[in-house]
Amino acid sequence: MQTLHSLYNILVDIILIVIPLFLIVAYVTYSERKIIGFMQARLGPSRVGPYGLLQPIADVIKLLSKEIIIPSGANKNIFITAPIIMLVPSLLVWSVIPLSETFVLANINAGILFILAFTSLSVYGVILAGWSSNSKYAFLGSMRSAAQIIAYEIAMGFALVGVLMAAGSLNLQEIILSQSGGFFHWYWLPLFPLFIIYFIAGVAETNRAPFDVSEGESELVAGFHVEYSGITFALFFLAEYMNLILISILASIMFFGGWLSPFQGTWLEIFFDWVPGFIWLSLKTLIFIFIFLWLRATLPRYRYDQIMRLGWKVFLPITLIWIFFEGIMIYYNIEPWFSYVK
Amino acid sequence: MLIEYLPILIFLVFALIFASLMISVGFAAGPSNPDSEKNSPYECGFDPFEDSRMKFDVRYYLVAILFIIFDLEIAFLFPWAVVIHEIGLTGLLAMAIFLLILTVGFIYEWKKGALEWD
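Computed from a predicted structure; not experimentally measured. (Residues numbered from 1 in each chain as written. Chains lettered and ligands numbered in written order. Predicted model: local features only at pLDDT ≥ 70, side-chain atom pairs only at ≥ 80, totals over all residues. Heavy atoms only, no water.)

(A) View of the overall build of chain A. A count of helices and strands for chain A gives eleven helices and zero strands. In summary, chain A has a C-alpha radius of gyration of 21 Å against a globular reference of 20 Å for 342 residues, a match within 12%. Considering only C-alpha atoms, chain A reaches an extent of 65 × 50 × 50 Å along its principal axes. Expressed as a percentage of its 342 residues, the buried residues of chain A come to 60%. The long-range fraction of contacts in chain A, counting pairs at least 24 apart against all pairs at least 6 apart in sequence, stands at 77%. Just so you have it, chain A exposes about 13800 Å², and 70% of that area is on carbon and sulfur atoms. One finds the centroid of the 17 positive side-chain charges in chain A at a distance of 12 Å from the centroid of its 19 negative side-chain charges. (Helix = DSSP H or I, 4+ residues; strand = E, 2+ residues; numbered from the N terminus. Rg over C-alpha atoms; globule rule 2.2 N^0.38 Å. Buried < 20%, exposed > 50% of the residue type's maximum accessible area, 1.4 Å probe, protein only. Contact = heavy atoms within 4.5 Å. Areas by Shrake-Rupley, 256 points an atom, 1.4 Å probe, with all protein chains shown as cover. Lys, Arg positive; Asp, Glu negative; His and termini not counted. Charge placed at Lys NZ, Arg CZ, Asp CG, Glu CD.)

(B) Expanded view of the pattern of salt bridges. All names here are of chain A. Here the structure, examined in full by the defined rule, presents five salt bridges over all chains. Put simply, Asp305 and Arg303 hold a salt bridge, and the shortest N to O gap is 2.9 Å. Residue classification places Arg303 among the partly exposed positions, given a relative accessible area of 49%. Linked by salt bridges that have partners in common, Glu32, Arg208, Glu240 and Arg296 make up one network. (Salt bridge = Lys/Arg side-chain N within 4 Å of Asp/Glu carboxyl O.)

(C) Representation of unusual backbone geometry in the model. Residue and element names in this part refer to chain A. Residue Ala41 is not a glycine yet carries a positive backbone phi of 60°. Relative to the helices and strands, Ala41 is located in the loop between helix H1 (2–39) and helix H2 (55–64). Under the relative-accessibility criterion, Ala41 is labelled exposed at 74%. One non-glycine residue, Tyr51, lies in the positive phi region at around 55°. Accessibility expressed as a relative area gives 65% for Tyr51, which makes it exposed.

(D) Fine view of the domain arrangement of chain A. Residues and elements named next belong to chain A. Along its sequence, chain A is organised into domain 1 (1–65) and domain 2 (72–331). Each side of the interface is counted separately: domain 1 has 20 residues, and domain 2 has 21 residues. Summed over both sides, the interface of domain 1 with domain 2 buries roughly 1900 Å², with 88% coming from carbon and sulfur. When the buried area of domain 1 at its contact with domain 2 is split by residue, Ile17, Glu32 and Leu63 rank highest and sum to 30% of it. Summed over the shared surface of domain 1 and domain 2, the number is two salt bridges. For the salt bridge of Arg208 with Glu32, the shortest nitrogen-to-oxygen distance reads 2.7 Å. In this structure, the connection of domain 1 to domain 2 is made through four residue pairs in polar contact (both at pLDDT 80 or more). Elements with a contribution of two residues or more to the side of domain 1 that touches domain 2: H1 and H2. (Domains from an automatic or database assignment. Buried area = accessible area lost by both parts, 1.4 Å probe. Polar contact = N/O pair within 3.5 Å; in protein donor to acceptor, adjacent residues only side chain to side chain.)

(E) Up close: the nonpolar core. Among the nonpolar cores identified, the biggest contains 135 residues, and Leu91(A), Tyr198(A), Phe255(A) and Trp312(A) are the most heavily contacted of them. Broken down by element, this core gets its largest block of residues, 20 residues, from helix H6 (residues 136–167) of chain A. Lining this core are residues from two domains, each supplying at least three of them: domain 1 (1–65) and domain 2 (72–331) of chain A. For Trp312(A), the contacting residues outside a window of four places in its chain are Ala151(A), Ile154(A), Pro317(A), Val63(B), Leu66(B), Phe67(B), Phe70(B), Phe106(B) and Leu115(B). (Core = buried A, V, L, I, M, F, W, Y, C linked by side-chain atoms within 4.5 Å.)

(F) Inspection of the confidence of the model for chain B at higher detail. Residues and elements named next belong to chain B. Across chain B, the average pLDDT comes to 82, with 91% of residues at 70 or higher. Of all secondary-structure elements in chain B, the lowest mean pLDDT belongs to helix H2 (residues 36–39), at 72, while helix H1 (residues 6–29) reaches the highest, 87. Both confidence scores are given for the complex: pTM 0.89, ipTM 0.84. (pLDDT = per-residue confidence, 0-100.)

(G) View of the interface of chain A and chain B. With 84 residues of chain A at the interface, the matching set in chain B holds 67 residues. Approximately 6800 Å² of surface area, both sides summed, lies buried where chain A meets chain B, with 78% of it carried by carbon and sulfur atoms. Sorting the residues of chain A by area buried against chain B places Lys136(A), Trp312(A) and Lys313(A) first, and these three jointly supply 11% of that buried surface. For the interface between chain A and chain B, the tally reads zero salt bridges. Where chain A meets chain B, there are zero residue pairs in polar contact (both at pLDDT 80 or more). At the level of elements, H1, helix H3 (76–92), helix H4 (111–120), helix H5 (122–133), H6, helix H9 (230–255) and helix H11 (304–331) of chain A are the ones that each hand at least two residues to the side of chain A that touches chain B. Counted by class, the side of chain A that touches chain B contains 61 nonpolar, 14 polar and nine charged residues. (Nonpolar A, V, L, I, M, F, W, Y, C, P; charged D, E, K, R; others polar.)

(H) Highlighting the environment of Arg309(A). Mapped onto the secondary structure, Arg309(A) falls in helix H11. On a C-alpha basis, the gap between Arg309(A) and Thr29(A) in space is 30 Å, while along the polypeptide they are 280 residues apart.

(I) Representation of the side chain of Thr232(A) in the model. Inspection of the secondary structure puts Thr232(A) in helix H9. Classification of Thr232(A) as buried rests on a relative accessible area of 0%. A polar atom in the side chain of Thr232(A) sits 2.6 Å from the backbone oxygen of Ser229(A). With near-sequence residues (within four places) excluded, Thr232(A) lies in contact with Ile68(A), Pro83(A) and Ile23(B).

This is the structure:
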């Protein structure tokens, strides 16, 4: 009875994570089109519902009712499983994200390791999709995309190591708590280069503009998922946007104090005491999502060799040097790198 | 504690079922009238010239190999970073030597042109 009850609780928690997540993904796509539209002096979607607010729902219905085309040369089974392999890890990572002081599905002690492991699984989805389609565009797109993802995973991993050194824990809840003390105690300040590198690497990891050479609609049409249609394409789409939100929420957890109030330790603290932690986390995350969209509206696409040069020759040395530096700072107990209390 | 991973296992089952369900719904709800033109791989209106599993640049392999080295390095750094506050000078120096050796290798790759894409 006890176990049944706890299983039921877990399922409810999963639903509580998944349903809002899908709604957010739907409305991130809407706001992306709207925001980029306004930045380019257009209106964006405005026909379906008031201000086009029902547009994502119309999109879902459209995608569901479209034919799933399996190319004649494709490896059928891999072709069908690739979107599943893409979607499942990007859903699964959400189980360790602390959404508020108390709400986290699985408060495991190896949180960051789990996230790193599961986000890197999406490379398999990309490669399998590109390979099984048996189309040149898809193949080229998946090669590029995979090489880019693994190149930036190095930079991202090093940035995470920097956070771990400062926090002294792999648990995301403890990483947030170790940042408590207000805006200037969050890790964006002592780990500023790592924060910048983490975010740019995150943009590259999700294959978003300006690093979207794998999609490159002007040369590769859509990259690795060019042969996918209907709901199979929607799964890739869903995974991409969930990864975008994940990068944003991780940036706010690891560098901007997660659900901590930005007014901690100042006279404003009592006035904002009633705001739940979840709201703070959402606000921070929304800012990062907005930056993602902003980048896409503003920056032209990088060339592929420039992307690889940035990843290997700029980010890798900077992170290495910074980790070395941080280690020395921690050894000599120099503030603010040594804000660790146990 | 391994029991903390139970929700993740349940989530995994949930996600697998959800993703398969979505695809099944897509197959059920969408029409299905294939023809040979529609099913041919997309190639700008031409019939495909040759098999698409063509030769590709060896540098993709090189990137993959470099990735393994550096990802392993990160895997080594993770446990070290967690306990850095407790291991003192020995730990710091050990990691410094390890990183130094890797950096030498990295510089070698750089000078050899393994990181060039042109």
